[in-house]
Amino acid sequence: MTSPLITPAELAALEEVTVLDVRWRLGGPPGEGLYREGHIPGAVFCDLDADLAAPPGAGGRHPLPEAGAFQAAMRRLGVRDAPVVVYDDAGSTTAARAWWALRYFGHHNVRVLDGGLQAWTAAGLPITKDVPDFTAGGFTARPGGMPVLKADEAAALATRGVLLDARAAERYRGEVEPIDPVAGHVPGAVNAPTTENVGPDGRFLDPAALRARFAALGVGEGVEVGAYCGSGVTAAHEVLALEVAGLPGALYVGSWSNWVADPTRPVATG
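Residues numbered from 1 in each chain as written. Predicted model: local features only at pLDDT ≥ 70, side-chain atom pairs only at ≥ 80, totals over all residues. Heavy atoms only, no water.

Caption draft 1: Representation of the packing of helix α9 (residues 207-216) against helix α10 (residues 234-244) within the structure. Running from N to C, α9 and α10 point in directions that differ by 115 degrees, and their axes come no closer than 8 Å. Remark: the crossing between α9 and α10 carries left-handed chirality. The segment α9 lies against α10, with Pro207, Leu210, Arg213 and Phe214 engaging Glu238, Ala241, Leu242 and Val244. Partitioning the contact of α9 with α10 into residue classes produces 6 nonpolar, no polar and 2 charged. (Axes fitted to C-alpha atoms, helices over the stretch in contact; angles between N-to-C directions. Helix = DSSP H or I, 4+ residues; strand = E, 2+ residues; numbered from the N terminus. Left-handed = near helix turned anticlockwise from the far one by under 90°. Contact = heavy atoms within 4.5 Å. Nonpolar A, V, L, I, M, F, W, Y, C, P; charged D, E, K, R; others polar.)

Caption draft 2: How the structure looks around the pairing of strand β2 (residues 18-21). Neither face of β2 is open: one carries Thr18 and Leu20, the other Val19 and Asp21, and all of them are buried. Across 4 bridges, the pairing between β2 and strand β4 (residues 84-87) is parallel. Bridging from a neighbouring strand, Val19 pairs with Val85 of β4. (Buried < 20%, exposed > 50% of the residue type's maximum accessible area, 1.4 Å probe, protein only. Pairing = 2+ DSSP bridges.)

Caption draft 3: Expanded view of the sheet that holds strand β8 (residues 225-228). Taken in spatial order, the 4 strands of this open sheet run β7-β6-β8-β9, and their pairing is parallel. A strand with exactly one partner marks an edge of an open sheet, and here the two such strands are β7 (190-191) and β9 (250-251). Relative to β9, β8 is paired through 2 bridges, and the arrangement is parallel. Looking across to β9, one finds that Gly226 is bridged to Ala250. Sheet strands in contact with α10 are β6 (162-165), β8 and β9, and its direction is about 150 degrees off that of β8.

Caption draft 4: View of the pattern of salt bridges. Summed over the entire model, instances satisfying the criterion amount to 16 salt bridges. The salt bridge involving Asp165 is made with Arg167; its shortest N-O contact spans 2.7 Å. For the pair Asp165 and Arg167, one class covers both residues: buried. In this structure, Arg173 engages Glu175 in a salt bridge whose closest nitrogen and oxygen atoms are separated by 2.6 Å. (Salt bridge = Lys/Arg side-chain N within 4 Å of Asp/Glu carboxyl O.)

Caption draft 5: Main features of α10. Of all 11 residues in α10, 10 are buried; the element is thus mostly enclosed. Considered for burial, the residues of α10 that qualify are Ala235, Ala236, His237, Glu238, Val239, Leu240, Ala241, Leu242, Glu243 and Val244. Positive phi appears at Gly246, one or two residues downstream of α10, with a value of about 85 degrees.

Caption draft 6: Quick peek at the layout of surface pockets. Considering only enclosed or pocket space, the largest pocket measures out at about 450 Å³ in volume. Per-class residue counts for the lining of the largest pocket are 9 nonpolar, 7 polar and 4 charged. Each pocket or cavity is described by its volume, and for the second largest pocket that value is around 180 Å³. As for the second largest pocket, its lining consists of Gly59, Pro63, Leu64, Val148, Leu149, Lys150, Glu153, Val253, Gly254 and Asn258. (1 Å grid on protein atoms, 1.4 Å probe; cavity = no way out; pocket = protein on both sides within 12 Å on 5 of 7 lines; lining within 4 Å. Points joined across faces, edges and corners; volume = space filled by probe spheres on them.)

Caption draft 7: Spotlight on the packing of aromatic side chains. With the rule as written, the count across this model stands at 6 aromatic pairs. Judged by centre distance (4.6 Å) and plane angle (20 degrees), the ring pair of Phe70 and Phe105 falls under stacked. Here the residue Phe70 occupies a position in helix α4 (residues 67-76), and Phe105 occupies one in the loop between α5 (95-104) and β5 (110-113), the gap between them amounting to 35 residues. Ring geometry for Trp100 and Tyr104: centres 5.2 Å apart, planes at 10 degrees, overall stacked. Here Tyr104 and Trp100 lie together in helix α5, a separation of 4 residues that amounts to about one turn. The pair formed by Trp100 and Tyr104 is uniform in burial state, with each residue classed as buried. Counting every residue linked through ring pairs, the aromatic cluster contains Phe70, Trp100, Tyr104, Phe105 and Phe139. Just above the ring of Trp256 sits the side chain of Arg167; from NZ or CZ to the centre is 5.0 Å. (Phe/Tyr/Trp six-rings, centres within 6.5 Å; stacked < 30°, edge-to-face > 60°. Lys NZ or Arg CZ within 6 Å of the ring centre and 35° of its normal.)

Below, the structure is given as structure tokens:
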């Protein structure tokens, strides 16, 4: 299996590649400001809210975009049938959403820069403020490349398989909820904070360590697994970590923000 991750040295050696800078901060300011302060040479800024999600609503805070809208965004960013590398500066939490979305819409040659911008600069590689000139890409979005869950499917999976809640433990337990109107978790879900998928340097744990982590949560060969978070962003990081471990996982894109949009859905705490 080709790893979904790429090292700074491997990226620097690629001659034909589209690089997307997917830096983002919850509540702002927009990540484009960070991009303009310095980025990997040749990288193009990809806006999580505008390019990787539909407008917020009943479907959640970052619902899945329509194929046409995603295709137009990726073409505008120069994405074509050539390698794509995505990165951020937050342990790949937002880059993972770009990786997942591209995979879902049919791009099979996309990888995440392991360790993000910090790993790039730690390797002594340059950054620039220059915004590159590039031509529009010809990417064609074909949905269905990655498994997804709707709310009822996530609820069923929590009973027959393993549904991972990728949020911090205190949000899972319902002790705090800084964003969504209701605190707690999907009944039967297992807490698996994405922060434990990476080391202190922001790089993913090696496949064996990730397999051990997920095994301790009840995930192994032949066990159906899915993931959710607050709005389907960090849960994509969980799916990416599962793939690094060699384990397929489905994403509940609407996640908790979609779950609590329906007041009849049950909520567990503790």
